Amino acid sequence: MDRTKPGPTQEREQNQRPGERRKQAFPVLFIQLVAANIIVAGTVTLLLYLTFDSLTEAYFHRLMVEFNISPTKLNSMFVDDVEKSLLWGIGISLAVGLVLSFLLTKAVLRPLAKMARVSERISAGDYTARAPAVRGELGTLAWHFNAMAGTLERQDSARRQMLRDLSHELRTPLTNLKGYIEGLEDGVFRLDAPVIKVLTDEVQNINALIDDLVLLGTAEEIESDLRLEAVDLPAELTAVLEAHKHAILEKRIKLSIRKAGTPAPVLADRKRLHQVLNNAVANLIRYSSGPKKGDRPVTEAAIVIEWPREGPVRVCFENPSEAISPAQLELLFDRFYRVDPSRSGKSRNAGLGLAIVKRLVQAQGGETWAEQADGLFRLWISLLPANGRRPSGAIG
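Everything numeric in this text was worked out from a predicted model, so none of it was measured.

Colleague: Honestly, the overall build of the protein in this entry has me stumped. Any pointers?
Modeller: The secondary structure content of the protein amounts to ten helices and nine strands. Per-residue burial for the protein yields a buried fraction of 31% across its 396 residues. When the accessible surface of the protein is summed, it comes to about 25,600 Å², and 58% of that surface belongs to carbon and sulfur atoms.

Colleague: For this particular structure, what's the right way to read the packing of aromatic side chains?
Modeller: Each aromatic ring pair is described using two quantities: the centre-to-centre distance and the angle formed by the ring planes. The tally for this structure, following the rule as stated, stands at two aromatic pairs. Seen in terms of ring centroids, Tyr 180 and Phe 189 are 4.9 Å apart; in terms of plane orientation they differ by 25°. Their pairing is stacked. A relative accessible area of 23% places Tyr 180 in the partly exposed class. Given the relative accessible area of 33%, Phe 189 is considered partly exposed. Considering the side-chain rings of Trp 369 and Trp 380, the 5.9 Å spacing of their centres and the 5° angle between planes classify their relative orientation as stacked. Of this pair, Trp 369 sits in strand β8 (residues 367-373) while Trp 380 sits in strand β9 (residues 376-383); the two residues are eleven residues apart in sequence, bridging distant segments of the chain. Judged by its relative accessible area of 13%, Trp 380 is buried.

Colleague: Any chance you could explain the sheet that holds strand β2 (residues 253-260) here in plain terms?
Modeller: Note: strands within a sheet are paired through backbone hydrogen bonds, in either parallel or antiparallel orientation. Strand order across the open sheet formed by five strands is β2-β6-β7-β9-β8, with mixed pairing between neighbours. The two strands at the open ends of the sheet, each matched to only one other strand, are β2 and β8. For this sheet, the mean inter-axis angle between neighbouring strands, taken without regard to orientation, is 15°. The pairing of strand β6 (residues 299-306) with strand β7 (residues 313-320) spans five bridges and is classified as antiparallel. When the bridges of β7 are listed, Glu 306 appears paired with Arg 314.

Colleague: Explain a nonpolar patch on the surface to me, please; I cannot follow it from the model alone.
Modeller: On the surface, a cluster of nonpolar side chains totalling about 570 Å² of accessible area is made up of Trp 88, Ile 92, Val 96, Leu 100 and Leu 104. Here Leu 104 is to be found in helix α3 (residues 71-123). On the basis of relative accessibility, which here comes to 56%, the residue Leu 104 falls in the exposed class.

Colleague: Sorry if this is basic, but what is going on with a positive patch on the surface here?
Modeller: On the surface, a cluster of positive charge is made up of Lys 106, Arg 110, Lys 114 and Arg 117. Among the structural elements, Lys 106 can be located in helix α3.

Colleague: Is there a simple way to explain the nonpolar core in this structure?
Modeller: Soluble globular proteins tend to pack their nonpolar side chains together in the buried interior. Counting 38 residues, the largest nonpolar core has Leu 233 and Phe 317 as the members making the most contacts within it. Residue assignment for this core shows that the elements contributing at least two residues are α6 (233-243), β3 (266-269), α8 (270-287), β6, β7, α10 (353-363) and β9. Top element by residues in this core is α8. It accounts for seven residues. If near-sequence neighbours (up to four positions away) are discounted, Phe 317 is found in contact with Leu 237, Leu 277, Ala 280, Val 281, Leu 284, Ala 302, Ile 303, Phe 377, Arg 378, Leu 379 and Ile 381. Membership of the second largest hydrophobic core comes to eight residues, among which are Met 115, Val 118, Ala 129 and Phe 145.

Colleague: Is there a simple way to explain the packing of α8 against α10 in this structure?
Modeller: In a pair of packed helices, the angle between the axes and the distance between the axes together describe the arrangement. One can describe the packing of α8 onto α10 by two numbers: an axis separation of 9 Å at closest approach and a directional angle of 150°. Considered as vectors, α8 and α10 are oriented roughly antiparallel to each other. Viewed along their axes, α8 and α10 form a crossing whose handedness is left-handed. Here Arg 272, Gln 275, Val 276, Asn 279, Ala 280 and Asn 283 of α8 lie close against α10, whose contacting residues are Gly 353, Leu 354, Ile 356, Val 357, Leu 360 and Val 361. When the residues that make up the contact of α8 with α10 are grouped by side-chain class, the tally is seven nonpolar, four polar and one charged.

Colleague: Sorry if this is basic, but what is going on with the pairing of β7 here?
Modeller: The side chains of a regular strand alternate, residue by residue, between the two faces of the sheet. By the criterion of burial, β7 is predominantly enclosed, with seven of the eight residues buried. Where β6 hands over to β7, the hairpin turn is made up of six residues, of which Gly 311 adopts a positive phi near 95°.

Colleague: Help me out: how do you make sense of unusual backbone geometry in this one?
Modeller: Positive phi values are uncommon outside glycine, yet Arg 252 reaches one of about 55°. If you trace the backbone, Arg 252 turns up in the loop between α7 (245-250) and β2. Non-glycine residue Asp 374 carries a positive phi angle of around 55°. For Asp 374, the location among the structural elements is in the loop between β8 and β9.

Colleague: I tried to follow the environment of Ala 149 on my own but got confused; where do I start?
Modeller: As for its placement among the helices and strands, Ala 149 is situated in helix α4 (residues 136-186). Of the residues examined, Ala 149 reaches a relative accessible area of 0% and is grouped as buried. Taking the C-alpha atoms as reference, Ala 149 lies 7.4 Å from Ala 129; in sequence the two are 20 residues apart. Every residue in contact with Ala 149, bar those within four places of it in the chain, is listed here: Ile 122, Tyr 127, Ala 129 and Arg 130.

Procedures and definitions
Residues numbered from 1 in each chain as written. Predicted model: local features only at pLDDT ≥ 70, side-chain atom pairs only at ≥ 80, totals over all residues. Heavy atoms only, no water. Helix = DSSP H or I, 4+ residues; strand = E, 2+ residues; numbered from the N terminus. Buried < 20%, exposed > 50% of the residue type's maximum accessible area, 1.4 Å probe, protein only. Areas by Shrake-Rupley, 256 points an atom, 1.4 Å probe, with all protein chains shown as cover. Phe/Tyr/Trp six-rings, centres within 6.5 Å; stacked < 30°, edge-to-face > 60°. Pairing = 2+ DSSP bridges. Axes fitted to C-alpha atoms, helices over the stretch in contact; angles between N-to-C directions. Patch = residues over 30% accessible without salt bridge, like charges linked within 9 Å, V, L, I, M, F, W, Y side chains within 5 Å. Salt bridge = Lys/Arg side-chain N within 4 Å of Asp/Glu carboxyl O. Lys, Arg positive; Asp, Glu negative; His and termini not counted. Charge placed at Lys NZ, Arg CZ, Asp CG, Glu CD. Core = buried A, V, L, I, M, F, W, Y, C linked by side-chain atoms within 4.5 Å. Contact = heavy atoms within 4.5 Å. Parallel < 35°, antiparallel > 145°, perpendicular 65-115°, else oblique. Left-handed = near helix turned anticlockwise from the far one by under 90°. Nonpolar A, V, L, I, M, F, W, Y, C, P; charged D, E, K, R; others polar.

Shown next as structure tokens:
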């Protein structure tokens, strides 16, 4: 027999369509709380009755003996009256207790009922719904519930924005391809070398976007596949710069490498670190803009590696750039974000490079941030040292 087969309740939940309103459930918790209050009140009342009954009879009998009165008839009458009074008192007390228990339990469960209705709205796709603020333990539950709803709302908003951005990024090259293909069919264009180059470039744009999306998706779920080891950071950076040598020369970038402190390995996944450095260098090359010297533009950029005595190793990618506002700096690591939206579709950059850098660095225990001052843009990456003890010659 298959032990993983779901039960009837699970089958009903699995067969329920998204957004379908669930039927009103039987108030089991409410009845349980009321019954618990009644049982406690009834038990206490019964104990008081037995205690009072035994003490009353003994006390009355002692008084009759002390005053030399036959207690037989009077005792019977007294006990009967006391029992009747007790029974009436117990009945009234239980009735009042039942009503109070009903009202108080309903008041206590009211926030839970509201949270249940809010959860139904969230399950139906309304992520703006929030639970009411209350005090005590239920207030803590409501706070965490609202925090969860806020996270879902932000994720849904990011998902919708990503779909809009993705459709926008794909629309431009696909529109260009469609136009050229229709032109070829109508005889407007000839299939010569310039047209083939344009078609090839647009296909490469789409392929680059897909590759970045795959890499970004991998970066968000990569923690379990990391192979952390001691990695020579300068050697990896040299290999990356060698791969970008042609682009650096083509854009007339004068790139300097500066080091501070005593070099030591970093703790990283070699493959992922290579991807981080590759995207950071590509970002530096793409957005470097400097003054002209003579007839040829020359841009001076720098990569600085710092090994502190304690703490993470820091790498700074520094290049001159156009002014970026503080608000834009905070958005640089978002998917598909560009400082200049008008450049969308004019380059192979889809605005995913820094988003990939951030997620890959965070997966390896590091941090990323960006700064701009005096016309220089600085992308900072911090990485954990392979050995927590820093050499004595390291910088402070």
